[in-house]
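Summary of the model geometry
The primary structure of each chain is shown beneath.
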Amino acid sequence: MVLSKEEQLLLALARMAPFEQDARTIQGLLKDSLDWSSIMEMADFHGIAPLMYWHLKQDIDNSTVQGARNERLPAANQMNAVIPFQVRNDLRRAYDQNLVRNKILFSELKKILTGLNAQGIQVIVLKGALFARMLYGDPALRRMSDIDILVKPADFDKVAAYLVNAGYARSSSVEHLVRERRYHHTHFVKGAILIEVHKGLAQPRRFKINLDHMWKRSIRIKIDGVDALRLSNEDTVLHLCLHMAYHKFLIYLFWWTDLYEFIKKFAADIDWRYVVEKAIEQRIKTSVYFSLYFVKRIMKAEIPAFVFKSLAVSSLRKKIIFLFLDENKLNLYKFAGKPRGYQLALEFFLIDRIENQLVFSVEFVLRSLELCFYKWIPQITRIRQIKWIR
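Calculation notes
Residues numbered from 1 in each chain as written. Predicted model: local features only at pLDDT ≥ 70, side-chain atom pairs only at ≥ 80, totals over all residues. Heavy atoms only, no water. Salt bridge = Lys/Arg side-chain N within 4 Å of Asp/Glu carboxyl O. Helix = DSSP H or I, 4+ residues; strand = E, 2+ residues; numbered from the N terminus. Buried < 20%, exposed > 50% of the residue type's maximum accessible area, 1.4 Å probe, protein only. Core = buried A, V, L, I, M, F, W, Y, C linked by side-chain atoms within 4.5 Å. Contact = heavy atoms within 4.5 Å. Pairing = 2+ DSSP bridges. pLDDT = per-residue confidence, 0-100.

1. Structural notes on the pattern of salt bridges
In total, this model carries 13 salt bridges according to the counting rule given. Across the pair Asp90 and Arg93 runs a salt bridge whose closest N-O atoms are separated by 2.7 Å. With Asp90 and Arg93 both in helix α6 (residues 85-118), this residue pair falls 3 residues apart, about one helical turn. Arg93 sits in the partly exposed class, given a relative accessible area of 40%.

Below, the structure is given as structure tokens:
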């Protein structure tokens, strides 16, 4: 990868336990002249400022450096000697603010899980609320903008009623109303807290996700002493890959950190053959292939070679995808600005089958029409009133 010095430092500090090579990289970079304002801007955008602060305040011994022999990360006092005072303050502030916000979110999640458990409603906790403790240990290290939960479609109305009674408002923005009709999640908002309730993990007409099977394979856990569920190891990998592709790889570095740390933590317990089998069966092979390809390239994740061989996409599709993405850049996108048409074209070619690409195209047209009707015809107060456009 062709990275600036500032990007190299950011990437070297984006793992819980940096590699031996990263330790040498950090030591060398800290002796050089760095654009700290650029580093802070990228760290804030990519959501790893709290993790950077955690690293920089540690007096890290060899045991925290992967594969270390005589190499070690610079001690905290050495780092502090070369990092500008304002940057140290900004990193600490990012850590403290994230800790306060995440405590609020976890407190709210505990209330929600307790209330739904009392009604006999099962909940699978997704992404940040799961990973903050399971992967990072310190809940301040993982940025969380919301709480993502998965519920069974049959339970959704009960969950919605519970959240409304708890003071949440169902999002009524045009974009969210259209998404609620055509996709798989709904937003509930209370003050600065956002709960994203998922009935599925992907657009049902585009992919063949077997939710019943995922629920059967889910694993019981406790969050702050309250019963909850999480996806199986294999389904977590599939979900994270699909989530990255859903965002057209216009993503934050901490999402790569999530996937990398999950694969590392459960390396011995992930059935990669099952991952391959389900990726093909569920028509998400292209999304999974490129997500795993990039996490291996960017984060040096250890993924068996047979996975890439089994998921291999055609050379033509690969060439098309790399017209949009640059594997040598940290942000992956080749062109600045990322116009909407550019992202739509990439999303189109990340879909496995021609028939599903056609469905995607039709859905885009219908969604655009819905948005136009909702915005420009005042008497239509709810998207659900448009009966004829489905």
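What follows picks up the thread again.
2. Some remarks on the nonpolar core
Counting residues in each nonpolar core, the largest one holds 116 residues, and the members touching the most others are Ile195, Phe249, Leu253, Trp256, Leu292 and Val295. By residue number, the principal contributor to this core is α6, which donates 10 residues. Discounting chain neighbours no more than four positions away, the residues touching Val295 are Trp256, Leu259, Tyr260, Ile263, Lys300, Ala301 and Ile303. Listed in part, the 9 residues of the second largest apolar core include Leu126, Met214, Trp215 and Leu229.

3. Thoughts on the pairing of strand β2 (residues 147-150)
Of the two faces of β2, the one holding Ile147 and Ile149 and the one holding Asp148 and Leu150 are both buried throughout. Note: strand β1 (residues 124-126) against β2, 3 bridges, orientation antiparallel. What sits directly across from Leu126, in β2, is Asp148. In this structure, β2 lies alongside strand β5 (residues 193-198), joined through 4 bridges in parallel fashion. Note on β5: the bridge partner recorded for Asp148 is Glu196.

4. Some details on the environment of Ala14
Note that Ala14 resides in the loop between α1 (5-12) and α2 (20-30). Overall, the relative accessible area of 0% leaves Ala14 in the buried class. Note: C-alpha distance between Ala14 and Ile48 (34 residues apart in sequence) is 6.7 Å. The residues contacting Ala14, other than those within four sequence positions of it, are Ile48, Leu51, Leu253, Thr257 and Met299.

5. Structural notes on the confidence of the model for the chain
Across the chain, the average pLDDT comes to 85, with 84% of residues at 70 or higher. Considering only residues more than four positions removed or in separate chains, one finds that residues 59-65, a stretch of pLDDT under 50, has 19 contacts. A low-confidence stretch, residues 379-390 stays under pLDDT 50, and its non-local contacts, those more than four residues away or across chains, total 27 contacts.

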